[in-house]
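Residue-level structure breakdown
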Amino acid sequence: MMFPACRYVCKAHRCIRALTTLRTDSAAPQLYTSIHRRTCSSVSTPRITTHHTIHPRDNDPRWEGIEMERFADEADVVIVGGGPAGLSAAIRLKQLANEQEKELRVCLVEKAPQIGAHTLSGACLEPSTLIELFPDWKERGAPLNTPVTEDVFSIFTEKHRIPVPILPGLPMQNHGNYIVRLGNLVRWLGEQAEELGVEIYPGYAAAEVLFHEDGSVKGIATNDVGIAKDGSPKDVFERGMELHAKVTLFGEGCHGHLAKQLYKQFNLRENCEPQTYAIGLKELWMIDEKKWRPGRTEHSVGWPLDRHTYGGSFLYHLNEGEPLVALGFVVGLDYSNPYLSPFREFQRWKHHPFVASTLEGGQRIAYGARALNEGGFQCIPKLTFPGGLLIGCSPGFMNVPKIKGTHTAMKSGMLAAEAIFPKVTAENLDSETAGIHVPEYSESLKNSSVWKELHAVRNIRPSFHNYFGLYGGMVYTGIFYWMLRGKEPWTLKHRGMDANQLKPAKDCKPIEYPKPDGKISFDLLSSVALSGTNHEGDQPPHLTLKDDSIPVARNLAIYDGPEQRFCPAGVYEYVPVETGDGMRLQINAQNCVHCKTCDIKDPSQNINWVVPEGGGGPAYNGM
């Protein structure tokens with residue numbers, strides 16, 4: 001059955017222009033510089049945000065007479081997000097339907113132009129869930145080419161390395177795991193899903209949650225296309241498409257745009273701690289074949305971060321027929337110094353002798369970044385509500401000490417599928433709401449390996465919040481986790497929202513970062529170029545501000561504009577105003593790699609990330 005919105009494809013795709021330049025027209029970049037905080041300006045605050053979520057169209061005369069009716073279609077199950085969780089849920093639903101010879105229409109929408117194009121992870125995969133989903137994964141050709149053969153863990157000082165033994169049972173042990181390019185695995189999962197009859201629609205961004213009159217979730221609407229940068233309709237404007245379902249699964253990934261709305265609508269975070277996050281930055285390198293050791297994993301903590309800044313690194317040697325390594329750096333977003341730049345910490349880390357020796361003479365071929373859920377067990381929200389469920393990294397099932405969340409995300413998708421299948425296929429279901437409520441999913445998850453695994457490691461991440469920082473956390477892990485396996489009768493707490501952790505700039509020391517050498521370390525914009533990121537330039541910026549005056553009046557004045565440093569893509573710049581004295585915030589939305597860090601870390605919580613036109617964003621190739 002064809003997706004009815006396909007009649008819009010030609011017009012919508014005209015809005016996804018050919019590659020544009022990485023930067024909008026702007027003054028010279030002032031990224032990572034300590035800007036003189038001129039907060040007073042002789043002109044009024046320039047308008048930055050033009051998106052209809054901030055400036056509704058109802059009172060905009062430019063929208064008078066525009067046809068706003070949306071075409072609607074029906075499915076049994078709608079899944080938002082084509083990542084490991086969403087695809088696993090879709091696959092399991094169709095497996096059950098085929099086994100029981102029942103008709104079941106499953107539709108999956110994904111904002112990326114191709115399945116896997118927005119996927120980025122380390123990644124060292126624990127294969128247990130994949131084996132459960134497809135026992136014959138090897139025969140099916142799943143792209144798991146690199147079994148782990150060697151584990152190395154280190155504490156870095158500026159010039160030296162302290163080796164740390166990986167004792168049996170510690171989370172960092174990777175025996176039996178595979179080093180993968182997760183984008184390739186996700187693409188393969190998409191192929192398996194389509195073979196089973198799942199309808200997959202890449203390039204369609206779910207922009208809005210739809211509700212029945214009784215308040216239950218009805219489905220989603222994809223975003224409108226053909227809107228100019230100033231918020232006015234273009235000649236090619238087309239309304240989005242509605243997809244209705246008995247149950248909608250939300251698997252958007254970390255800090256999902258729609259999940260944020262659902263948390264508020266159904267008060268899903270009432271009984272859990274605020275989620276805490278990290279930013280992960282990654283590069284792919286082609287290295288000298290003499291230095292290539294397929295199957296080797298290297299992890300480190302310590303330098304260049306201080307002991308009170310949570311983070312670490314990975315370097316994985318892939319076995320893809322060529323000397324390829326994946327390397328990355330993770331920084332907890334609960335850091336306090338507004339001068340810290342995760343991107344520049346990553347570039348500096350690569351100059352450590354233990355890392356640089358691998359990279360020297362090599363060539364960097366890809367770059368990307370994404371946010372990670374790090375709250376774990378304490379931060380899991382309520383997962384079900386009338387008409388919908390949360391799955392995967394959207395609610396956050398990452399095992400932080402393991403640095404693994406793919407297997408738990410996939411398992412949550414499978415459990416969701418098994419919980420909803422009997423209800424969506426029942427001939428005479430007695431439901432109290434129009435959208436079916438499936439609380440059985442939460443119970444299944446609590447009785448699963450996911451819950452047991454996250455409960456066991458629940459205290460490791462918050463144990464780093466102590467006077468000794470990193471070293472105190474490592475001692476705690478070594479004593480309590482290794483001996484008790486998470487059975488200690490207490491549960492530690494996180495610090496609270498990451499956005500609240502920044503200190504004023506006047507209380508912090510600026511960080512002097514070395515200039516990139518163009519061989520091991522690189523500047524930001526040449527890095528973003530390797531991500532393949534592209535958005536239609538003539539559309540309202542999807543990085544919306546609730547109040548356009550706050551960036552200069554508060555973020556720049558108090559925190560020295562931290563968004564220009566925590567963004568890994570050069571989206572935010574403070575530049576001089578064109579007339580008069582003062583600074584203004586410039587948003588280069590075309591650079592955005594969809595990591596959501598700005599929405600998470602903004603100390604004013606003034607930035608709201610929403611989906612751009614479908615098909616926009618990074619174009620990762622097996623990241």
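Scope of this entry: the structure provided in the associated data block. These numbers come from a predicted model, not from an experiment. (Residues numbered from 1 in each chain as written. Predicted model: local features only at pLDDT ≥ 70, side-chain atom pairs only at ≥ 80, totals over all residues. Heavy atoms only, no water.)

1. Some details on empty space enclosed by the protein
We count it as follows: Here a cavity is any set of points on a 1 Å grid over the protein atoms alone where a 1.4 Å probe fits but cannot get out, and a pocket is any open set with protein on both sides within 12 Å along at least 5 of 7 lines; a residue lines the site when it has an atom within 4 Å of a point. Grid points are joined across faces, edges and corners, and a volume is the space filled by probe spheres set on the points. In this count, Pro and Cys sit with the nonpolar residues alongside Ala, Val, Leu, Ile, Met, Phe, Trp and Tyr, while Asp, Glu, Lys and Arg are called charged and the others, Gly among them, polar.
Taken as a whole and judged by the stated rule, the model has five cavities of 30 Å³ or more. Of the volumes computed, that of the second largest cavity is approximately 100 Å³. Taken together, the residues that form the lining of the second largest cavity break down as four nonpolar, six polar and two charged.

2. Some thoughts on unusual backbone geometry
How we decide: Counting from the N terminus, the helices are DSSP H or I runs at least four residues long and the strands are E runs at least two residues long. Accessible area is worked out with a 1.4 Å probe on protein chains only. A residue is then buried under 20% of its type maximum, exposed over 50%, and partly exposed in between.
Residues Gly 122 and Ala 123 are joined by a peptide bond in cis, for which omega reads -10°. Within the fold, Ala 123 resides in the loop between strand 2 (106-110) and strand 3 (124-125). Looking along the chain, the bond that leaves Trp 303 and enters Pro 304 is cis, with omega of 10°. Within the secondary structure, Pro 304 is located in the loop between strand 15 (296-302) and strand 16 (311-317). Positive phi is not limited to glycine here, since His 255 has a value of about 55°. Secondary-structure assignment places His 255 in the loop between strand 13 (241-250) and helix 5 (257-266). For His 255, a relative accessible area of 15% translates into the label buried.

3. Thoughts on the packing of helix 2 (residues 84-99) against helix 4 (residues 182-196)
Convention followed: Here an angle of 0 to 180 degrees is reported between the N-to-C directions of two axes, which are lines fitted to C-alpha atoms, with helices fitted over the stretch in contact. Under this scheme an angle from 65 to 115 degrees is roughly perpendicular, one under 35 degrees roughly parallel, and one over 145 degrees roughly antiparallel; angles in between are oblique. For any pair of crossing helices, the crossing counts as left-handed if the nearer helix is rotated counterclockwise from the farther one by less than a right angle, and right-handed if it is rotated clockwise. Contact criterion: two residues are considered in contact whenever any of their non-hydrogen atoms come within 4.5 Å of each other.
Running from N to C, helix 2 and helix 4 cross one another at 25°; their axes reach a closest spacing of 9 Å. When the axes of helix 2 and helix 4 are compared, the pair comes out roughly parallel. Crossing geometry of helix 2 relative to helix 4 is assigned as left-handed. On helix 4, the residues touching Pro 84, Leu 87, Ile 91, Lys 94, Gln 95 and Asn 98 of helix 2 are Leu 182, Val 186, Leu 189, Gly 190, Gln 192, Ala 193 and Leu 196. Its residues assigned to classes, the contact of helix 2 with helix 4 shows eight nonpolar, four polar and one charged.

4. As for helix 5
Inspection of helix 5 places His 257, Leu 258, Ala 259, Lys 260, Leu 262 and Tyr 263 among the buried residues, and these make up the whole buried set. Asn 267 sits one or two residues past helix 5 and shows a positive phi near 50°.

5. Things to note about the sheet that holds strand 15
The strands making up a sheet associate through hydrogen bonds between their backbones, and the pairing can be parallel or antiparallel. The condition that has to hold: Two strands qualify as a pair provided that DSSP identifies no fewer than 2 bridges between them.
Strand order in the open sheet formed by seven strands is 6-5-15-16-17-14-18, with mixed pairing between adjacent strands. This sheet does not close on itself; its edge strands, each paired only once, are strand 6 (161-163) and strand 18 (363-373). Neighbouring strand axes in the sheet, compared pairwise and without regard to direction, differ in orientation by 20° on average. Helix 6 (residues 342-349) rests against strand 5 (150-156), strand 14 (277-286), strand 15, strand 16, strand 17 (324-332) and strand 18 of the sheet, and its axis sits at about 135° to strand 17.

6. Regarding the pairing of strand 5
Among the seven residues that make up strand 5, five are buried, leaving the element largely enclosed by the rest of the structure. When strand 5 meets strand 15, the two strands line up parallel, connected through seven bridges. Bridged to Asp 151 within strand 15 is Thr 297. Between strand 5 and strand 6, which follow one another and run antiparallel, lie four residues.

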